[in-house]
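# Secondary and tertiary structure notes
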Amino acid sequence: MEAHAGDRLLMHGRTVGQHDRVAEIVEVLGAGGTPPFRVRFEDGHEHLISPGPDSVVQHTADRKQAPEHP
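### Here we look at the overall build of the protein
- Helices and strands together make up the secondary structure of the protein, namely 0 helices and 5 strands.
- Beginning at the N terminus, the succession of helices and strands in the protein can be written as β-β-β-β-β.
- Looking at the protein as a whole, 23% of its 70 residues qualify as buried.
- Accessible surface, the protein: about 5100 Å² in total, of which carbon and sulfur atoms supply 52%.

### Quick notes on the environment of proline 51
- Note that proline 51 resides in the loop between β4 (46–49) and β5 (55–58).
- Separated by 16 residues in sequence, proline 51 and proline 35 place their C-alpha atoms 7.3 Å apart.
- Setting aside its immediate chain neighbours within four residues, proline 51 contacts Met1, Leu9, Pro35 and Phe37.

### Side note on the pairing of strand β3 (residues 37–41)
- Alternating positions in β3 separate cleanly, Phe37, Val39 and Phe41 being buried on one face and Arg38 and Arg40 remaining unburied on the opposite face.
- By the bridge criterion, 5 bridges tie strand β2 (residues 21–28) to β3 in an arrangement that is antiparallel. Within β3, the position partnered with glutamate 24 by the bridge is arginine 40.
- Pairing of β3 with β4 involves 4 bridges; the strand directions are antiparallel. When the bridges of β4 are listed, arginine 38 appears paired with leucine 48.
- Here β3 hands over to β4 after 4 residues, with glycine 44 in that stretch at a positive phi of 95 degrees.

### Quick word on the side chain of serine 55
- Inspection of the secondary structure puts serine 55 in strand β5.
- Residues in contact with serine 55, not counting those within four places in the same chain, are Met1, Leu9, Leu10 and Met11.

### Notes on the pairing of β5
- Side-chain alternation along β5 places Ser55 and Val57 on a buried face and Val56 and Gln58 on a face that remains uncovered.
- Across 4 bridges, the pairing between strand β1 (residues 8–11) and β5 is antiparallel. Bridge pairing in β5 links arginine 8 to glutamine 58.

Thresholds applied
Residues numbered from 1 in each chain as written. Predicted model: local features only at pLDDT ≥ 70, side-chain atom pairs only at ≥ 80, totals over all residues. Heavy atoms only, no water. Helix = DSSP H or I, 4+ residues; strand = E, 2+ residues; numbered from the N terminus. Buried < 20%, exposed > 50% of the residue type's maximum accessible area, 1.4 Å probe, protein only. Areas by Shrake-Rupley, 256 points an atom, 1.4 Å probe, with all protein chains shown as cover. Contact = heavy atoms within 4.5 Å. Pairing = 2+ DSSP bridges.

Now the structure itself:
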């Protein structure tokens, strides 16, 4: 998982009835864009998080994505 500041982190709900959560990645603390990330939720709260397999990074459109290598 690679991310940059300004990307969004989508965390899928793990149980029935739990909604997906979206946060803005404010700071990337790992080497090469890897976790942990400092994220800010819509209500303004910030957390340090190492997302699990139920999370997806949504890259911002204003940054060109590098082609993936096989």
